[in-house]
Amino acid sequence: MRATLVALLCICVGAAQAHAEEQRENERKETLQCEGKRRGKETSGAEEQNKERSQIERRQGERRADAPNAQTLGRDQSGVYVNAPAANSAYSPSFVMRGFPSGLTLFDGASHGFTAQDVDLSTVDHVEFFKGPGAMLFGKALGGYGGAANYIRKAPTQETFARAVATKASFDVTRFTADVNAPLNDEKSLLFRMTGSAQSLGSFVDFTRTRSFDIAPMLAFTADDGDRVSLRAEHNGARVVWRDGLPADPVFLHVPKEFYAGLPANEHETPFFDDLTLRYEHAFNADWRVAAVVDYFLTANRWGWFTGWGYDGFQSVVFGSPVRARTANRSFDAQLRLNGRFDTGFLAHSVFLGLEHWDFYFGYDNDVARYEAAPLNIFAPVYSPGVSYAGAFWSNGVARAISRSVYGQDLIDLNENWRILVGGRYDLLSQRERVFDPLGALTGEPTSSLSKGTRGYFSPRAGILYRPDEETQFFAAYGKSLIPNTGVRIQSGEAPPPQQDTQYEIGFRRELLDRKVSFEVGLFDITRDNVAIPNPANPSGFYSVVTGQQHSHGVEVNLGGEILPNLKINAAATFLHALVSKDDNIPSQRGSDLLGAPRRVYNSSANYTFDTGDLKGLELGASYYYASRLEATLPNTYGFTLAPQQMLGATLGYALNDNLKLEINAANFTNRPNWTSNGALYHGEPRTIAASLSYKY
C-alpha cells in the first residue's frame, strides 16, 4: 500500500536528490533555469571555475569563525541522531540517520571506504548531511540510505591570515587549534593552508583520558588555463584510555556516574591515521568539465577488549579472557568524473558520468590471555594493576574488498516547473577473508576458514521535481543501494551478499520572508535486507546468516532562517519508527525497536548578533534538545528503557576587537543523565562549561 501511494505521488512531486543538488547550484544556473536557457552565457570554462572558486572561498571565509562543535554537531538536523554522550572533543561524533547507523564518511564528496571513521574537526570548514537519495550525489551508492555526513575540509584561499583558538572546559579539557593560510606567489596561483590541533581530554568517568594531535597541510595550484591541482596530507595520532560503557542491565542506571566498568590496564589504545589526497580539475568549456580524485588512507591501532564482558546478575562486572589486538586497514580510492550540460530540443540535461576503483584491506592479530580476569565488584571496585599475556593463545585474519564501479545520472529540465532524474550505479564487488584461530580461542573451536566471492550489483535511482513558483518545491524519489557485509562469515565459505537498502521519499519545501526563512517537510520509508545475524546452528557466534531485515519510516520537519535582522532561528523535528522486521533466531528480535532510534526528536535554537551600538560584537545563543525514550537492549527488554534526553544549552560570544574574540559555551544546563545505548549503556555528559579565546592575524 505504501509503495502504491508513493508511486502515485511521484506523478506530481519531485526528486529529493534533484532538490538537494538544486540547493548547491550557483546563482548563474538558477537564472538560466528561470529564463528557460542553459547556454546563454559565453563565459570561458576557466573564468567560470574561477568565479565558482571565489564564491566557495568567500563562503569558507564567512564560516571560519563558526567551526563545527562536536557537542552540537548533527543535533540540529532532522533525521539525524547522535547515539553517544555529547563530549567536548576535537573529534566528530558518529551519527544515526533515519534509524540506521551511518555507514559511510564523505570528505569533499569522496569516501575512504565502506565504514565511518574518526574526523578531527579542526580540519573541517562545515558539514553537510545527506539523507536518502541525496547521499549518492557524489558517486557513492554504497553508503546506505540511512545517510552520510559530508565533511567539507578547509581549503586554501587567496587571503593571508593566521588564526589560533585556545579552549579550556570542564573535566580537564584543554585544546589548541591553529589555521594558517597564505598565497605563495604574487599571482596567487599557488596557495598553501595548514591546520593543526592538540588536545588533552579528561572525563567525568574515572581513568578515561585522551591525548591527540592532528596536522593537515594542503597545496593548491591554478594554471593560466583554469586547471586546478591540489595535494592534501593529514596525520593524526592519539593515546586513549578507552571507556567501555556499562553492561545493559537496569542496575547500572543507579551506579555512580564515575564508575569505570573495565580494566584500565587493558584499555590503553594508540590509534593513528595518515591520509593523502590528490585532486585534478579541468574545464573543457563552460559546459563540460572533468575531475579526478585519488585518495590513500592508512590507519592502525593497538587496543584491548574482553571475550565475556558483561554482568553476573549479582554484584559484579565479568570480563572473560583479556584480549590484546593489533589492527590495521588501508583504503585506496580513485574516481574519474565527467560533468556536463547539453540540450536536446526543448530539454536541458545536466549529466555526470563516473568511474571508481576502491581497494580496501583489513588485518588483525589477537593475543588471548589464558586466564579469565577477576570480576569487578560494582560497589567496592578494585582494579587489577596489570594484565598478563604470557603464553597467550593467538588468532589472526585478513579481509579485502575491491569494488570497480561505473555510475551516471541525468537531471532533465522539462521546462521551468518540472525536472526529472534518472540514474544508477553498477558495482562489481569482490570480497575475500581468511581467519586462522588454531586453538579456538575466539571461535570456540579450531578454525581455519577462507571465504571469497565476486558479484555485480545495480543500484537505480529516479525522481521528479515540481516547482509551481520560485519559492515552492514538491519532490519525490526512489533509490536502491548496497553496503558490503565485510567481516561477516557464512558457513558455506562464500562471500556474504551485501546489505541492500530500498527507499521511497517524498517532500515539500517553501521559502518565506523573501527567501530568508525556509520550511521543509519530508516523508521516508526504508527497507534494509540481508542484515547479518548470528547463525542459530553455530553457538560460538563465529558464523552468520544474512536473512535479517530492518525497516524504518518517518517524517522530518525543518524550519530555519533569519526571521528578524540579526536573529537566526532553527527548529527541527523527527518522527520515526525503526525496527527489526525479520529475524530467524530464537529469541527473535522481530518487532524490536533498533538501538539509537528514538521515535521522536525535537530541537530548536536561536542566535542573535549585535552589530551596532554599545553592544556591538556581542553574540547570544540558546538551544534545546529532546529525544524520546530509547530501548536499552536488542532484542528489547520489556520495561527496560532509557529516560528521554533533554539538553539545554547557551552560548555567549564577544568580539573584543577585529582580531580577538572570547566565547563561552554551556551544555546540559539542567544536568540530566541523558543515557544512550549501543548494546552498552553510556551516561551522558554532565553540565559542562567551555571558554575559548580566538585570535586572527
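Thresholds applied
Residues numbered from 1 in each chain as written. Predicted model: local features only at pLDDT ≥ 70, side-chain atom pairs only at ≥ 80, totals over all residues. Heavy atoms only, no water. Helix = DSSP H or I, 4+ residues; strand = E, 2+ residues; numbered from the N terminus. Buried < 20%, exposed > 50% of the residue type's maximum accessible area, 1.4 Å probe, protein only. Contact = heavy atoms within 4.5 Å. Areas by Shrake-Rupley, 256 points an atom, 1.4 Å probe, with all protein chains shown as cover. Pairing = 2+ DSSP bridges. Phe/Tyr/Trp six-rings, centres within 6.5 Å; stacked < 30°, edge-to-face > 60°. Patch = residues over 30% accessible without salt bridge, like charges linked within 9 Å, V, L, I, M, F, W, Y side chains within 5 Å. Salt bridge = Lys/Arg side-chain N within 4 Å of Asp/Glu carboxyl O. Core = buried A, V, L, I, M, F, W, Y, C linked by side-chain atoms within 4.5 Å.

So, the overall build of the protein chain
Looking only at helices and strands, one finds four helices and 38 strands in the protein chain. When burial is assessed residue by residue, the protein chain has 52% of its 697 residues classed as buried. For the protein chain, contacts bridging at least 24 residues in sequence account for 67% of all contacts bridging at least 6. On the protein chain, roughly 30600 Å² of surface is accessible, and the fraction owed to carbon and sulfur atoms is 58%.

Here we look at the pairing of strand E10 (residues 190–201)
With ten bridges joining them, strand E9 (residues 173–183) and E10 adopt antiparallel strand pairing. In the strand pairing of E10, aspartate 179 is matched with threonine 195. Linkage of E9 to E10, two consecutive antiparallel strands, is achieved through a turn of six residues, within which lysine 188 is found at a positive phi near 60°.

Looking at the packing of aromatic side chains
The tally for this structure, following the rule as stated, stands at 22 aromatic pairs. Ring plane angle 5° and centroid distance 6.3 Å describe the contact between tryptophan 288 and phenylalanine 342, whose orientation is recorded as stacked. Taken together, the positions of tryptophan 288 in the loop between strand E15 (272–283) and strand E16 (289–306) and phenylalanine 342 in strand E19 (residues 322–344) put the pair 54 residues apart, joining distant regions of the chain. The class for phenylalanine 342 is partly exposed, based on a relative accessible area of 26%. One aromatic cluster in this structure is built from Trp418, Tyr466, Phe474 and Phe508.

As for a nonpolar patch on the surface
Together, Leu620, Tyr624, Leu648, Leu652, Tyr654, Leu656, Leu662, Ile664, Phe669, Ile689 and Leu693 line one region of the surface with nonpolar side chains, adding up to about 880 Å² of accessible area. If you list the elements that add at least two residues to the nonpolar patch, you get strand E31 (618–627), strand E34 (645–655), strand E35 (660–667) and strand E38 (688–696). By residue number, the principal contributor to the nonpolar patch is E34, which donates three residues. Residue position: leucine 652 is located in strand E34.

Here's the deal with the nonpolar core
Counting residues in each nonpolar core, the largest one holds 25 residues, and the members touching the most others are Tyr81, Leu246, Phe252, Phe259, Val317, Phe319 and Leu681. Residues Val80, Val82, Phe107 and Val124 belong to the second largest nonpolar core, which totals 14 residues.

Considering the pairing of strand E29 (residues 567–582)
Each regular strand displays side chains that alternate between the two surfaces of the sheet. In this sheet, E29 lies alongside strand E28 (residues 544–564) in antiparallel orientation, the contact comprising 15 bridges. Opposite glutamine 550, over in E29, you have valine 580 as the bridge partner. A loop of two residues connects E28 with E29, the two strands running antiparallel in sequence, and asparagine 566 in this loop sits at a positive phi of about 75°. In this sheet, strand E30 (residues 600–609) lies alongside E29 in antiparallel orientation, the contact comprising nine bridges. Paired with threonine 574 across the bridge in E30 is valine 601.

Re the pattern of salt bridges
Counted under the stated rule, the structure contains 30 salt bridges. Taking the shortest distance from any N to any O, the salt bridge between arginine 209 and aspartate 172 comes out at 2.7 Å. Of this pair, arginine 209 sits in strand E11 (residues 209–222) while aspartate 172 sits in the loop between strand E8 (161–169) and E9, placing them 37 residues apart in sequence. Residue arginine 209 is classed as partly exposed on the basis of its relative accessible area of 31%. A salt bridge links arginine 510 to aspartate 469, with the nearest nitrogen and oxygen atoms 3.4 Å apart. Taken together, the positions of arginine 510 in strand E26 (residues 499–512) and aspartate 469 in strand E24 (residues 447–469) put the pair 41 residues apart, joining distant regions of the chain. Residue classification places arginine 510 among the partly exposed positions, given a relative accessible area of 30%.

Points about the sheet that holds strand E6 (residues 124–130)
Ordered in space as E5-E4-E7-E6, the four strands form an open sheet in which the pairing is mixed. The open sheet has two edge strands with one neighbour each: strand E5 (110–111) and E6.

Considering the environment of tryptophan 288
Assessed through its relative accessible area of 25%, tryptophan 288 is described here as partly exposed. Along the backbone, tryptophan 288 and leucine 338 are 50 residues apart, and their C-alpha atoms lie at a distance of 7.4 Å. For tryptophan 288, the contacting residues outside a window of four places in its chain are Ala283, Leu338, Asn339, Gly340, Arg341, Phe342 and Val351.

Everything listed here is a matter of geometry and, on its own, says nothing about what the molecule does.
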